[in-house]
Amino acid sequence: MDRLVDEASDVFFNVNLNTLNSLPSGGELLSPFLDQMAKALPEIGHMVTQDSGEIGLEGDKASGAYGWITIESRRLCSGYVNPPSLDKASRQHETMLGMAPLLLPLAVVGCEALDVMYGFDFTYAGNHDELVAEALGLGPSLGALLDLPGRRVIHFEPSVTLGLDADLGLQCRLAVETR
């Protein structure tokens, strides 16, 4: 993973706690959680609100490396863009997940899923979909399509989801998304 981090234009590491029911809305209900998060992680102490009603904290985006936390209607999110280390980003996520049950009614809300995502952006001036198709290939049954004259790949975003345990409660999804 270190090579991906070194080669990428941008790296991000996000954790999303998806809830069964709606989280509280309104600053007064969320203030204790956000206040404690700002104290524990002063580098992301800037309060932000969105027109959609989302509320959160974020660091200094201008620095190029910053963390953020948002509370959505059914999701609690923590992310770090270009973290100085994956350990630093992990500590932010662990802090959020540790404080959430103490300061938000998550026991009542319930956890539907916990998503952990690593992302890597690479600067490339050409056709991203074609590059991914050529790098990963289409497999023996469709590979000849890449040899057709005049062809141009206009959409190629492979995705695979694996069940990692017998009841499929633990899953891993690998997706390549182009821009």
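This text goes with the structure placed above it.
The paragraphs below set out a description of the structure included in this document.

Another aspect to go through is the overall build of the protein chain. In terms of regular secondary structure, the protein chain is built from five helices and eight strands. Helices and strands in the protein chain line up, N terminus first, as α-β-α-β-β-β-β-α-α-β-α-β-β. Projected onto its principal axes, the C-alpha coordinates of the protein chain cover approximately 60 × 40 × 30 Å. Each of the 179 residues in the protein chain was classed as buried or not, and the buried ones make up 32%. Counting contacts in the protein chain only where the partners sit at least 6 residues apart, residues at least 24 apart contribute 58% of the total. Accessible surface, the protein chain: about 11200 Å² in total, of which carbon and sulfur atoms supply 54%.

In this section: the nonpolar core. Of all hydrophobic cores here, the largest spans 17 residues; its most connected members are Phe33, Leu34, Met37, Ile69, Ile71 and Leu76. In terms of residues, this core owes the most to one element, helix α2 (residues 27-40), which gives four residues. With near-sequence residues (within four places) excluded, Leu34 lies in contact with Met47, Ile55, Gly56, Leu57 and Ile71. Counting five residues, the second-largest nonpolar core is a separate cluster that includes Val132, Ala133, Leu146 and Phe156.

This paragraph deals with the pattern of salt bridges. For the coordinates displayed, the defined rule picks out six salt bridges. The closest approach of N and O atoms between Glu112 and Arg74, which form a salt bridge, is 3.7 Å. Taken together, the positions of Glu112 in strand β6 (residues 111-121) and Arg74 in the loop between β4 (66-71) and β5 (75-81) put the pair 38 residues apart, joining distant regions of the chain. Of the charged contacts in the structure, one is a salt bridge between Arg151 and Glu134, with a shortest N-O distance of 3.3 Å. Remark: Glu134 occurs in helix α5 (residues 128-136) and Arg151 occurs in the loop between α5 and β7 (159-163); sequence separation between them is 17 residues. Relative accessible area serves as the criterion here: at 26%, Arg151 is assigned to the partly exposed category. Each member of the salt-bridge network shares a partner with another, and the members are Glu130, Glu134 and Arg151.

Thresholds, definitions, all that
Starting from 1, residues in each chain are numbered consecutively following that chain's sequence as written. In keeping with the model being predicted, local features are shown solely for residues with a pLDDT of at least 70 and side-chain atom pairs are shown and tallied solely at 80 or more, while totals for entire chains, interfaces and linings include all residues. In computing side-chain values, all of the structure's heavy atoms are included and hydrogens and water are not. Numbering of helices and strands runs from the N terminus, with a helix taken as a DSSP run of H or I at least four residues long and a strand as a DSSP run of E at least two residues long. Per-residue accessibility, obtained with a 1.4 Å probe over protein chains only, is compared with the maximum for each type, and a residue is labelled buried under 20%, exposed over 50%, and partly exposed between these values. By the convention used here, residues are in contact when the closest approach between their heavy atoms is within 4.5 Å. Calculation of accessible area relied on Shrake-Rupley with a 1.4 Å probe; when residues are assessed, cover is drawn exclusively from the protein chains displayed. To define a nonpolar core, start from buried Ala, Val, Leu, Ile, Met, Phe, Trp, Tyr and Cys residues and group those joined through side-chain atoms within 4.5 Å. Salt bridge criterion: a side-chain nitrogen from Lys or Arg within 4 Å of a carboxyl oxygen from Asp or Glu.

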